[in-house]
Amino acid sequence: MKRWKAERTAEYGILCFSRKWSNPLLWGHYADKHQGMALGFDVPDHGLYSPVKYRRTRLPLPSGRDLDGADVDDLLLTKFTAWRYESEYRCFCRLQDNIREGGHYFEPFSDTLKLAEVIVGDQATITRAELAAALGDLQASVLSFKTRPAFGTFTVVKNRNRALWK
């Protein structure tokens with residue numbers, strides 16, 4: 001299993017998405033405590049993006065037989081129930097088809113991964129002008145807005161006061 005995992009890791013990467021951006025735990029864990037951004041994508045509604053299943057216990061490894069495709073899917077798409085708040089979807093990509101910068105790989109935007117929105121954390125320091133410059137030609141087709149913690153609930157919402165984002 002360790003050898004199989006090492007071989008796959010050298011060849012494939014995983015794009016992880018959340019169905020919703022409003023959970024404050026996502027902002028705390030993945031967006032540098034609300035200082036970062038979330039990218040929203042338009043993706044096709046077909047089998048390329050698979051939902052993660054959440055379980056209380058680990059899946060048993062098959063004994064006495066090789067892993068089949070269903071086993072691999074189960075192993076790659078299962079997480080502990082405590083992560084359910086992520087509402088995660090995954091897409092597996094060949095690393096050779098990606099852009100490499102330093103030790104990181106980036107999937108290029110495409111018809112199956114179209115940038116639709118940039119959701120800026122309430123503690124982020126990026127200005128509207130800086131974000132527009134970074135988006136370049138995409139700026140006209142990408143919605144961008146800043147967030148804030150909701151007043152009465154534990155959620156993150158769009159900040160409707162546009163004056164608070166310079």
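Residues numbered from 1 in each chain as written. Predicted model: local features only at pLDDT ≥ 70, side-chain atom pairs only at ≥ 80, totals over all residues. Heavy atoms only, no water.

Student: Looking at this model, I keep getting lost on the nonpolar core. Mind explaining?
Tutor: Across soluble globular proteins, nonpolar side chains have a tendency to be buried as a group. Core analysis: the largest hydrophobic core is formed by 9 residues, namely Leu115, Val118, Val120, Ala124, Ile126, Leu131, Leu135, Val142 and Trp165. Of all the secondary structure elements, the ones that give two or more residues to this core are β9 (114-120) and α4 (128-135). With 3 residues, β9 is the largest single contributor of residues to this core. Residues within four places of leucine 115 in sequence aside, it is in contact with Leu39, Gly40, Phe41, Phe109, Leu135, Leu138 and Val142. Trp27, Ala31, Phe145 and Val156 belong to the second largest nonpolar core, which has 6 residues in total. (Core = buried A, V, L, I, M, F, W, Y, C linked by side-chain atoms within 4.5 Å. Buried < 20%, exposed > 50% of the residue type's maximum accessible area, 1.4 Å probe, protein only. Helix = DSSP H or I, 4+ residues; strand = E, 2+ residues; numbered from the N terminus. Contact = heavy atoms within 4.5 Å.)

Student: Sorry if this is basic, but what is going on with the side chain of lysine 146 here?
Tutor: Checked against the element boundaries, lysine 146 lands in strand β10 (residues 143-149). Buried and unpaired, lysine 146 has aspartate 122 as its nearest opposite-charge partner, separated by 7.6 Å. Only 2.8 Å separates the side chain of lysine 146 from the backbone oxygen of alanine 124, close enough to count as a polar contact. Ignoring anything within four residues of it in the chain, the contact list for lysine 146 reads Val120, Gly121, Asp122, Ala124, Val157, Lys158, Asn159 and Trp165. (Lys, Arg positive; Asp, Glu negative; His and termini not counted. Salt bridge = Lys/Arg side-chain N within 4 Å of Asp/Glu carboxyl O. Polar contact = N/O pair within 3.5 Å; in protein donor to acceptor, adjacent residues only side chain to side chain.)

Student: Honestly, the pattern of salt bridges in this entry has me stumped. Any pointers?
Tutor: Once their charged atoms are close, side chains differing in charge can pair, the charge on each being opposite to the other. Counted according to the given criterion, the structure contains 9 salt bridges. As a salt-bridge pair, aspartate 68 and arginine 65 come within 3.7 Å of each other at their nearest N and O atoms. With a relative accessible area of 37%, aspartate 68 lands in the partly exposed category. We classify arginine 65 as partly exposed; its relative accessible area is 46%. A salt bridge links aspartate 71 to arginine 65, with the nearest nitrogen and oxygen atoms 2.6 Å apart. The buried category is assigned to aspartate 71, whose relative accessible area is 13%. Members of the salt-bridge network, linked through shared partners, are Lys79, Glu86, Glu88 and Arg90.

Student: For this particular structure, what's the right way to read the environment of tryptophan 165?
Tutor: Here tryptophan 165 is to be found in the segment after β11 (156-158). Residue classification places tryptophan 165 among the buried residues on the basis of a relative accessible area of 6%. Linking tryptophan 165 and valine 120, residues 45 residues apart in sequence, is a C-alpha distance of 9.6 Å. Tryptophan 165 has contacts with Val120, Ile126, Thr127, Arg128, Leu131, Ser144, Phe145 and Lys146, leaving out every residue within four places of it along the chain.

Such coordinate-based values are descriptive only and should not be taken to indicate function.
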